[in-house]
Amino acid sequence: PSTLRENKVEVPDVKWEDIGGLEDTKRDLQEMVRYPIEHRGLFEKFGMEASRGVLFYGPPGCGKTLMAKAIANECGANFISVKGPELLNAYFGGSEANVRDLFDKARSASPCILFFDEMDSIARARGSGGGSSDTSDRVINQILSEIDGIGSGKTLFIIGATNRPDILDPGIMRPGRLDQLIYIPLPDYESRVSIFKANLRKSPVAEDITFDLLAEVTEGFSGADITEICQRAAKNAIRESITAEIERQRSVEAGELTQEEADALPDSV
Ligand code: ATP
């Protein structure tokens, strides 16, 4: 059975507020993706071809997937995500059929964002040798012809993501394909402040913690690293609260405190 068939088709729940920083990218994407979906008539009036897709590149864990999901959410568009290696392995020898199925599925879910993660694993320069180059040549050729055949009737937008744009088949970036290359960098100071804020939006934060301090000590960290820090902090806080609660109950049962005194103690240690 194909793993591809199980790829979910849905409008993602990631919102712009969930993404810290990257304000310029958010604005550019809105124009590229939302305008053609919401104002198709204007594009026709001015004889403008809407962009078919973009390529995100940059270090891991900095928001490429998050961004692709948020733009789909913003447009109320469906979202299908495929990892490069999945396409190569889903059916032995049947990879082109896979690509065709995938695009069919995306077209019938239009408006739809089709997200290719780990693009470099399939779209290595053709004929560059290495690993399963024959299969990947056929898969990439099929993807290119599907992109060329999108036409203007359906609203299908392709986003590719890679950490290695340098090894990608240049054919993928030709005009009319994924012709905009968008760099998603490690977050700078201001972006780290916003990523911490986005992550801690729903958590109480200790009074002696400032977002400036957090951003200062996390130079060189990715968004994913910052998310991990926030999740660990939340787990620790939960653990401490539970320990404090148990200790309060013990004190009441041992007669060291009255229930009222115990209730008046702060939540965590
Ligand atoms: P990869 O190249 O490894 O696929 P990616 O760039 O697609 O990485 P994401 O999957 O978007 O990275 O990010 C991983 C996780 O890190 C997200 O689910 C989120 O929790 C956190 N994260 C990354 N960047 C940001 C950001 N700018 N704002 C908020 N959270 C972020």
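What counts as what
- Residues numbered from 1 in each chain as written.
- Predicted model: local features only at pLDDT ≥ 70, side-chain atom pairs only at ≥ 80, totals over all residues.
- Heavy atoms only, no water.
- Helix = DSSP H or I, 4+ residues; strand = E, 2+ residues; numbered from the N terminus.
- Buried < 20%, exposed > 50% of the residue type's maximum accessible area, 1.4 Å probe, protein only.
- Contact = heavy atoms within 4.5 Å.
- Areas by Shrake-Rupley, 256 points an atom, 1.4 Å probe, with all protein chains shown as cover.
- Expected span 1.5 Å × (residues − 1).
- Pairing = 2+ DSSP bridges.
- Axes fitted to C-alpha atoms, helices over the stretch in contact; angles between N-to-C directions.
- Phe/Tyr/Trp six-rings, centres within 6.5 Å; stacked < 30°, edge-to-face > 60°.
- Parallel < 35°, antiparallel > 145°, perpendicular 65-115°, else oblique.
- Left-handed = near helix turned anticlockwise from the far one by under 90°.
- Nonpolar A, V, L, I, M, F, W, Y, C, P; charged D, E, K, R; others polar.
- Core = buried A, V, L, I, M, F, W, Y, C linked by side-chain atoms within 4.5 Å.

Looking at an unreviewed UniProt entry, the protein carries the name AAA+ ATPase domain-containing protein, with the source organism given as Thalassiosira oceanica.

Student: Looking at this model, I keep getting lost on the overall build of the protein. Mind explaining?
Tutor: The helix and strand tally for the protein stands at ten helices and five strands. The proportion of buried residues among the 269 residues of the protein is 39%. Expressed as a percentage of contacts within the protein between residues at least 6 apart in sequence, the contacts between residues at least 24 apart total 79%. In the structure as shown, the protein presents an accessible area of about 14,700 Å², 51% of it carried by carbon and sulfur atoms.

Student: Help me understand helix H3 (residues 64–75), please; the structure alone is not making it clear to me.
Tutor: Helical periodicity: at 3.6 residues per turn, an α-helix aligns residues three or four positions apart in one direction. If you check H3, its first and last C-alpha atoms are 17 Å apart, about what twelve residues at 1.5 Å a residue would give, namely 16 Å. Residues of H3 that are buried: Lys64, Met67, Ala68, Ala70, Ile71, Ala72 and Cys75. Turning to H3, the residues buried within the fold contact helix H1 (23–38), strand E1 (53–57), strand E2 (78–83), strand E3 (112–117) and strand E4 (156–162). Positive backbone phi, approximately 60°, marks glycine 76, located one or two places after H3.

Student: Would you take a moment to explain the sheet that holds E1 for this structure?
Tutor: By definition, the strands of a sheet pair up through backbone hydrogen bonds, in either a parallel or an antiparallel sense. Read across the open sheet, the five strands follow the order E2-E3-E4-E1-E5; overall the sheet is parallel. Strand pairing shows two members of the sheet lacking a second neighbour, E2 and strand E5 (178–183), which therefore form its edges. Strand-to-strand twist of the sheet, defined as the mean angle between neighbouring strand axes without regard to direction, takes the value 20°. With five bridges connecting them, E1 and E5 associate as parallel partners. Note on E5: the bridge partner recorded for phenylalanine 56 is isoleucine 182. Relative to the sheet, H1 contacts E1, E3, E4 and E5, its axis offset from that of E5 by approximately 165°. Each of E1, E2, E3 and E4 touches H3; the most contacted strand, E3, lies at about 175° to it.

Student: Honestly, the packing of aromatic side chains in this entry has me stumped. Any pointers?
Tutor: Two aromatic rings, taken as a pair, are described by how far apart their centres are and by the angle between their planes. Using the criterion set out here, one finds three aromatic pairs in the structure. Both rings, one in phenylalanine 79 and one in phenylalanine 115, keep their centres 5.9 Å apart while their planes meet at 25°; by these two values the pair is stacked. With phenylalanine 79 in strand E2 and phenylalanine 115 in strand E3, the pair connects residues that are 36 residues apart, well separated along the chain. The class of phenylalanine 115 is buried, set by a relative accessible area of 0%. Considering the side-chain rings of phenylalanine 103 and phenylalanine 116, the 6.2 Å spacing of their centres and the 35° angle between planes classify their relative orientation as tilted. Of the two residues, phenylalanine 103 sits in helix H5 (residues 95–108) while phenylalanine 116 sits in strand E3, which places them 13 residues apart along the sequence. Assigned by exposure class, phenylalanine 103 and phenylalanine 116 land together as buried.

Student: Even after reading the chapter, I still don't get the packing of H1 against H3, so can you show me in this structure?
Tutor: Angle between the axes and distance between the axes: these two values describe a pair of packed helices. For the pair H1 and H3, the least separation of the axes is 10 Å and the interaxial angle reads 45°. Taken together, H1 and H3 sit at an angle that is classed as oblique. H3 is crossed by H1, and the crossing has right-handed handedness. In contact with Thr25, Lys26, Leu29, Gln30, Val33, Arg34 and Ile37 of H1, H3 contributes Met67, Ile71, Glu74 and Cys75. Here the residues of the contact of H1 with H3 are counted per class, giving six nonpolar, two polar and three charged.

Student: Could you clarify how one ought to interpret the environment of serine 222 in this entry?
Tutor: Within the fold, serine 222 resides in the loop between helix H8 (211–216) and helix H9 (223–253). Accessibility expressed as a relative area gives 7% for serine 222, which makes it buried. In this structure, the C-alpha to C-alpha distance between serine 222 and aspartate 188, residues 34 residues apart in sequence, is 9.5 Å.

Student: Is there a simple way to explain the nonpolar core in this structure?
Tutor: In a soluble, globular protein the nonpolar side chains are often hidden away together inside. Leu87, Phe103, Leu114, Phe116, Ile143, Leu156 and Ile158 are the most contacted members of the largest nonpolar core, which totals 26 residues. Looking at this core, the elements with two or more residues in it are E2, helix H4 (84–89), H5, E3, helix H6 (133–148) and E4. In contact with isoleucine 158, not counting residues within four places along its chain, are Arg52, Gly53, Val54, Phe103, Leu114, Phe116, Ile147, Ile150 and Leu178. In this structure, Val54, Cys75, Ile113 and Ile182 belong to the second largest nonpolar core, which totals 25 residues.

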